[in-house]
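Listed here are the chains, written in short residue letters.
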Amino acid sequence: MHRMRRLARTMSPIMALLIFVGQAFADPGKISIKDWAKQGNTKTAAATEASPEPEAESSGAQSEAIPAEALMPAVEAPETELSPEPDPTPQAVLTKPAKKAIAEPVKAEESSPEPEMTAPARVKSVNEWVQAAAEPVATPEPTPEPSAPATPPPANGNGVVIPPAASFSAGQVKTGAGTIDLNAINLDKLYEELQKAAPPREEKPMSLSEAVQLALTNNQDIKVTAYEPLKVDGDILAAKGEFDPVLSGKYQKSNVESKASSQISSFTGGLGGGGSSGLLGGGNSNILGSVLRSINNFNLGGNDDDNNNNNLGLGRLLLTGALTIASSAGNSIRNFVSGGNEQELIIEQDSSTYEATLQGKIPWGTQYQVKLSVVDEASTYSGNVSEFSGGLTLSLTQPLLRGRGPKANLARIKIAKNSREIAENQLMTQVMTTVSDVVKAYWDLVGAEQQLAVRVQSLANAQNLMDVNQRRFEIGIGAALEVVQAKASVAQRTSDVIAARNQVGSAEDRLKLLLDLKENEEFSHKRLVATDIPEATELDLDEQASVTRAFENRPEMRSAELEIDSAEHDRFRAANNMQAKLDVSGSLFQGARGEDAGVVFEGIGNRDDNSYSFQIDGEIPITNRQARGQYQKALQTKHQAKDKLYKTKSEVAINVRNAIRQAASNRIIVESSGQARSLQETNVSAEEKRLKLGITTSFEVLRTQEDLANAHAQEVQAKIDYEKSLIDLKLAEGTILTALNVEYAAPAPEKPIGFVRSIVPPVPKDE
């Protein structure tokens, strides 16, 4: 038996060559099924089969007794209108056509240990094949490319061809190795699952530029980051508020009633205790006052010469002292007798104060104050008659050490402005990153769709081979195992199609999330269809030029430099705060006093009442630890910012180099994967031709087809990876927005709340 197999393998190529030469010289035309049927009626068609495998059959017998369909390429599908329709209940094996159906196959050799194949109960004859054909079918020319069915089954939303359920019936075939169940693999369930997994959806074509524009408008990450510069605008406004002038006003009303001191009471009330008849009481009945006036007018010498004046003055003084002692003694005696219940002198003071002050600070550190005050007062001393006083006061204070100069006083504003630009750079970084993610997600969708197309084509090839193997099996020249193998391959590739379609759905969802595509607060159910395809174009890679562009365009570089500048402003301010306080201040006052308020305002210009003052203040904190600690922190912050710039430079350069290497590597992979795909196409074509000649099996064809699908998938992924690596390179260089024609502009500051609205209640609401 071993020798027979070796002889069969040796003779098969020779017989195939003889058939080819015989056809070339004997009958140049193609033989249709009808012509073959006529020849079959005149020739003896009985032939033996030693094995269900096509390699064991005689090539010469096939050239005379096999329909043209059996010689078609394994992946070619015959025309629908010319294909013989299978029986509603086809048998497992059909023998070669003859006048009479053969019930059992004839053994090829008595000594062969190969098991016999059980023949079916009924075998389709050649006449039935002829009657099933509407018109003659010519044998097609060999072609390495697989052809799709003339009337393909309906396609679903992703372009997947869904073959009709139960494309062929199956049965069981007994062999020496066991029973082959053609119904072991149920493709109907897989087809149903394939149909359920892809409901029809409305398509939304989208180009790469459209995806980028939608991302710039709708992306939530960009929207959230865009608030950062606007928040820093508030810090800038607050820092400028340090130099806002402050207008203040004050009104004060006071009324004071107080008991006069003993000295005032003694001189104004006397023995009378403050009454009209007291010794020091008011009015004309004041005893002490009358006595003093009388003494003043009394002339002891009787003449007015100067010699007597000294004697009179001395007498007055002696008399006054005596009366004072008597008055004090009288008060003491009176208080002792009456128990101190005599009337006391009460002094009343009633005043109203009006003040308006304007004060502020300028960048040089100078503090100014302008104050206008008017006081209306009435008291017992003025007989309770109103009297106005006041004026205008101008005060200036200039620091000479701590707090002097615009650099120290404007540091907060400079730092806030730098923070605004840093926030803009952060927003730009987010925009660049989001655009990069959108572009890569778009290419992932393109790659997923192309991978799906590859798997769909692979499934179609397996279905065509399965159909051909089924026809070969039905007419008795194919093996049942080949049918099962093709069917298993269809099942596997159907699963691959489902998995590839799931990848398309995941890529769609990723892109929809980045674009925030929603309908009625839900993500859109439309099917995104990418209209752009990757192009593996050549790229001139210059590492040094790319690094230079990155240093110029990357937002992180500018932000690191701004952080150094802010740290320097903070350090200078902290150093200024360590100095001692030495301030020079002065004030100037002009005003007046009168019976009405107009006199005060007139006196400001006339300088009726005026004064000025000059003052020097000094202060030295002992140990000065607070200011020293703040300076130490600011100094370390500046050193940290410098090191951060160096670190950022290194990271940018490394990212550029990695991106260049990845792009160059992916470009090579694109070329190699394309060559691998071309080689696998050649292998598939060769295997199909070998299958037609009967010197290979359908299993080898399936294997090469799978290798071709994998090679094609690798080529698709290589192109996608190359496009993504180019985007990573542009992102590393900071030129991605320019490359995609995107103009970046920082958000303009929003108008803050108005001054009047900010001070008028109620509290403003969120707009």
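Please refer to the structure placed before this passage.
Our subject in this report is the structure included herewith. For clarity, every value in this text was computed on a predicted model and none was experimentally measured.

### Thoughts on the overall build of the protein
Argument step 1. Each helix and strand in the protein was counted, giving 21 helices and twelve strands.
Argument step 2. For the protein, the proportion of its 767 residues judged to be buried stands at 37%.
Argument step 3. Of the contacts formed within the protein by residues at least 6 apart in sequence, a portion of 79% connects residues at least 24 apart.
Argument step 4. Total accessible area computed for the protein in this model is approximately 43400 Å², and 54% of it derives from carbon and sulfur atoms.

### Thoughts on the nonpolar core
Across soluble globular proteins, nonpolar side chains have a tendency to be buried as a group.
Argument step 1. Membership of the largest hydrophobic core comes to 54 residues, with the highest contact counts inside it found for Tyr442, Leu511, Leu515 and Leu737.
Argument step 2. At the level of elements, helix H5 (187-196), helix H6 (208-218), helix H13 (411-474), helix H14 (480-515), strand S10 (527-530), helix H19 (698-733) and helix H20 (736-739) are the ones that each hand at least two residues to this core.
Argument step 3. The leading source of residues in this core is H13, at 20 residues.
Argument step 4. For leucine 511, the contacting residues outside a window of four places in its chain are Val438, Ala441, Tyr442, Leu445 and Leu528.

### Focus on the pattern of salt bridges
Argument step 1. A full pass over the atoms with the stated rule returns 37 salt bridges.
Argument step 2. Glutamate 228 is the partner of lysine 231 in a salt bridge, and the nearest nitrogen-oxygen pair spans 3.6 Å. Of this pair, lysine 231 and glutamate 228 both sit in helix H8 (residues 227-240), three residues apart, which is roughly one turn of the helix.
Argument step 3. Note on lysine 231: relative accessible area 51%, which makes it exposed.
Argument step 4. Given a relative accessible area of 30%, glutamate 228 falls into the partly exposed group.

### Here's the deal with the pairing of strand S11 (residues 581-594)
Argument step 1. Pairing of strand S7 (residues 387-399) with S11, which is carried by twelve bridges, proceeds in the antiparallel orientation. Each bridged residue has a counterpart across the sheet, and for proline 399 the counterpart in S11 is aspartate 583.
Argument step 2. Pairing analysis gives eleven bridges linking S11 to strand S12 (residues 609-619), with the strands arranged antiparallel. The residue bridging glycine 591 from the neighbouring strand is aspartate 609, located in S12.

### Quick notes on the sheet that holds S12
Argument step 1. What the six strands build is an open sheet, ordered S4-S5-S6-S7-S11-S12; its pairing is antiparallel. Because the sheet does not close on itself, it has two edges, and the strands there are strand S4 (246-259) and S12. If you compare each strand with its neighbour and ignore which way they point, the axes differ by 15° on average.
Argument step 2. Bridge count for strand S6 (residues 367-379) against S7 is eleven bridges, and the pairing is antiparallel. Of the residues in S7, the one forming a bridge with valine 370 is leucine 394.
Argument step 3. Here helix H17 (residues 597-606) sits on the sheet in contact with S6, S7 and S11, set at roughly 130° to S11.

### Details of the side chain of asparagine 469
Argument step 1. Mapped onto the secondary structure, asparagine 469 falls in helix H13.
Argument step 2. In this structure asparagine 469 comes out as buried when scored by relative accessible area, which is 2%.
Argument step 3. Setting aside chain neighbours within four positions, we find asparagine 469 in contact with Glu482, Val483, Ala486 and Ser698.

### Notes on the side chain of serine 725
Argument step 1. Checked against the element boundaries, serine 725 lands in helix H19.
Argument step 2. Overall, the relative accessible area of 3% leaves serine 725 in the buried class.
Argument step 3. Only 3.4 Å separates the side chain of serine 725 from the side chain of asparagine 666, close enough to count as a polar contact.
Argument step 4. With residues near it in sequence (within four places) discarded, serine 725 still touches Gln662, Ala663 and Asn666.

### Describing H5
Argument step 1. Residues of H5 that are buried include every one of Leu187, Tyr191 and Leu194, and no others. All buried residues of H5 fall inside an arc of 60° around its axis, so they share one side. Across H5 from its buried face, at more than 90 degrees, point the exposed residues Lys189 and Lys196.
Argument step 2. Buried residues belonging to H5 abut H13 and H14.

### Let's talk about unusual backbone geometry
Trans is the prevailing form of peptide bonds, just as negative phi is the prevailing case for residues other than glycine.
Argument step 1. With omega at 5°, the peptide bond leading from proline 761 into proline 762 counts as cis.
Argument step 2. Along the chain, proline 762 turns up in the segment after helix H21 (755-759).
Argument step 3. Despite not being glycine, aspartate 516 has its phi angle at roughly 55°, a positive value.
Argument step 4. The topology assignment puts aspartate 516 in the loop between H14 and strand S8 (518-519).
Argument step 5. Unusually for a residue other than glycine, arginine 607 sits at a positive phi of about 55°.

### Some thoughts on the packing of aromatic side chains
Argument step 1. One pass over the full model with this rule turns up two aromatic pairs.
Argument step 2. A ring pair is formed by tyrosine 251 and tyrosine 354, whose centres lie 5.0 Å apart and whose planes are at 40°; its orientation type is tilted. Of the two residues, tyrosine 251 sits in strand S4 while tyrosine 354 sits in strand S5 (residues 346-361), which places them 103 residues apart along the sequence.
Argument step 3. Residue class for tyrosine 354 comes out partly exposed when judged on its relative accessible area of 42%.
Argument step 4. The ring of tyrosine 722 has arginine 667 lying over it, and the distance from NZ or CZ to the ring centre is 5.7 Å.

### A word on the environment of lysine 730
Argument step 1. You can see lysine 730 is positioned in helix H19.
Argument step 2. For lysine 730, a relative accessible area of 26% translates into the label partly exposed.
Argument step 3. In this structure lysine 730 touches Thr735, Ile736 and Ala739, once residues within four positions along its chain are discounted.

### What about H17?
Argument step 1. Within H17, burial applies to Val600, Gly603 and Ile604. One face of H17 carries all of its buried residues, which in axial projection span an arc of 110°. Turned more than 90 degrees away from the buried face of H17, the exposed residues are Glu602, Gly605 and Asn606.
Argument step 2. Of the surrounding secondary structure, the elements contacted by the buried residues of H17 are S6, S7 and S11.
Argument step 3. A side-chain oxygen of the first residue of H17 lies 3.1 Å from the backbone nitrogen of glycine 598; this N-cap is aspartate 596.

Conventions used here
- Residues numbered from 1 in each chain as written.
- Predicted model: local features only at pLDDT ≥ 70, side-chain atom pairs only at ≥ 80, totals over all residues.
- Heavy atoms only, no water.
- Helix = DSSP H or I, 4+ residues; strand = E, 2+ residues; numbered from the N terminus.
- Buried < 20%, exposed > 50% of the residue type's maximum accessible area, 1.4 Å probe, protein only.
- Contact = heavy atoms within 4.5 Å.
- Areas by Shrake-Rupley, 256 points an atom, 1.4 Å probe, with all protein chains shown as cover.
- Core = buried A, V, L, I, M, F, W, Y, C linked by side-chain atoms within 4.5 Å.
- Salt bridge = Lys/Arg side-chain N within 4 Å of Asp/Glu carboxyl O.
- Pairing = 2+ DSSP bridges.
- Axes fitted to C-alpha atoms, helices over the stretch in contact; angles between N-to-C directions.
- Polar contact = N/O pair within 3.5 Å; in protein donor to acceptor, adjacent residues only side chain to side chain.
- Arc of directions from axis to C-beta.
- Phe/Tyr/Trp six-rings, centres within 6.5 Å; stacked < 30°, edge-to-face > 60°.
- Lys NZ or Arg CZ within 6 Å of the ring centre and 35° of its normal.

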